[in-house]
Structures are given as C-alpha cells and as structure tokens.
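Close look at the chain arrangement
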Amino acid sequence: MLVKEGEEVGEGEEERVMSGGGGCAYGCSNKMEAEYKRRHHKHETAENQCTSVVVKHIKAPVPLVWSLVRRFDQPQKYKPFISRCVVRGDLTIGSVREVNVKSGLPATTSTERLEFLDDNEHILSMRIVGGDHRLKNYYSVITLHPEVIDGRPGTLVIESFVVDIPEGNTKDETCYFVEALIKCNLKSLSEVSERLAIQDRTEPIDPA
C-alpha cells in the first residue's frame, strides 16, 4: 500500500511524505514548513514525471547536520547504499561525482552533478546525468532549517525530487520507490547526526 499524502511513514519514524502543506512536529509551525516547501521544493513536472517531498526531524543542530549533507564528494558518510564516490576535479557548482551503489538495488553506478550549494541558506541540489539505472532526469533539492526539539537545537530536513516515470511503471510506483530511498538516507543522516551531537554534548572527564 502506498503512503498517502500527509501520512507518517512507518511506526516511530519522524518522516513524512507529502506534496504540500502537512503538519510539522516539534517547534516548527505548519505555516513555516509550508513556506519552506513553497520557496524551495516546488517542481514543475511533465506528464511523464512524478514529484514528492519527504520531511525528517533530527535531534541535532543545523551546522552539524549540514556538515554531512554538504559533502557532495562524500555522500557515503550517511547514505547507506553508496559504497564509493569519486569527484572529478575541485568541488564546485557543476562538479560531477561517480557513485558506486551497493548490491541489493537495481543499479551499480550513478553519475551525478552538483547543481547548487548554499552554505548560508543550507540548500543543496543535484541532478543525475548518467549511470546504469532507471532514474532518468532525476533532480533533487535538500534544505535544512533550525527548530527546537525537546528543548535543544534541532534540524528540520526537507528533501524533494522530480524524475521521469520509467516505461512499464506507474507514477505511484516510481514515487514510492524514490521516497523509500530518501527515507533510508534521511534515517541514516539522523542516526549519524544524533550520535555526533551526543558526543559533542558529552563533557570530558578530568583525570583525578
């Protein structure tokens, strides 16, 4: 069964898949989240394309989470399906990375281009330009926004995408597959970020 708009994905997960509006847990208001999505995550789609948005709340401050997300040259730091990444030349807008995908997915390689990177607004966008997979004309945007979770600095992560619907697949099937991949990536991002945040909050013990 496909996840419906605004419905939570899995028990206990702080992820939601949506195409507009939607509630925002913790300190982020409904109106703020909708504004973030309107500003950064509206994609025009052709008849043979689909688009969606995934939201994740992470109990770690934006600078820490962003330090992982912005590393276009090292996506394997939090993306569990990537085994290796090589970037051609310096890391700048337009840089291209060659990614090796772990077994278990219907792909082994992906060629991806960095389209936009803003360290002030915490925005990264990328486009898939090649590889042995079926994600044609794939374009994604991920943005990070500060919020308060349990009285501590947290991060609202919003990731959206647009992609062609492969021949032989439906719009729902395509969106569901990509959403599942993003969910896994953001769950891993949350786990890595929150582990680092706990380490940062742990005071060193002075030797007696």
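Please read these numbers as outputs of a predicted model, since none were measured by experiment.

**With respect to the nonpolar core**
- Ranked by internal contacts, the top residues of the largest apolar core, which has 31 residues, are Val65, Val69, Tyr138, Leu144, Phe161 and Leu189.
- Looking at this core, the elements with two or more residues in it are β2 (49-58), α2 (62-69), β6 (123-131), β7 (139-149), β8 (152-164) and α3 (171-201).
- At seven residues, α3 tops the list of elements feeding residues into this core.
- Setting aside anything within four residues of it in sequence, one finds Phe161 in contact with His43, Cys50, Thr51, Ser52, Tyr138, Tyr139, Ser140, Cys175, Val178, Glu179 and Ile182.

**Observations concerning the confidence of the model for the protein**
- Averaged over every residue, the pLDDT of the protein is 84; the share at 70 or more is 82%.
- Across the protein, element-level confidence peaks in α2 with a mean pLDDT of 97 and bottoms out in strand β1 (residues 15-18) with 49.
- Here residues 18-27 scores under 50 on pLDDT; set against residues more than four positions off or in separate chains, the count is 37 contacts.
- Low confidence marks residues 203-208, where pLDDT is under 50. Its contacts with residues over four positions away, or in another chain, come to zero contacts.

Procedures and definitions
Residues numbered from 1 in each chain as written. Predicted model: local features only at pLDDT ≥ 70, side-chain atom pairs only at ≥ 80, totals over all residues. Heavy atoms only, no water. Core = buried A, V, L, I, M, F, W, Y, C linked by side-chain atoms within 4.5 Å. Buried < 20%, exposed > 50% of the residue type's maximum accessible area, 1.4 Å probe, protein only. Helix = DSSP H or I, 4+ residues; strand = E, 2+ residues; numbered from the N terminus. Contact = heavy atoms within 4.5 Å. pLDDT = per-residue confidence, 0-100.

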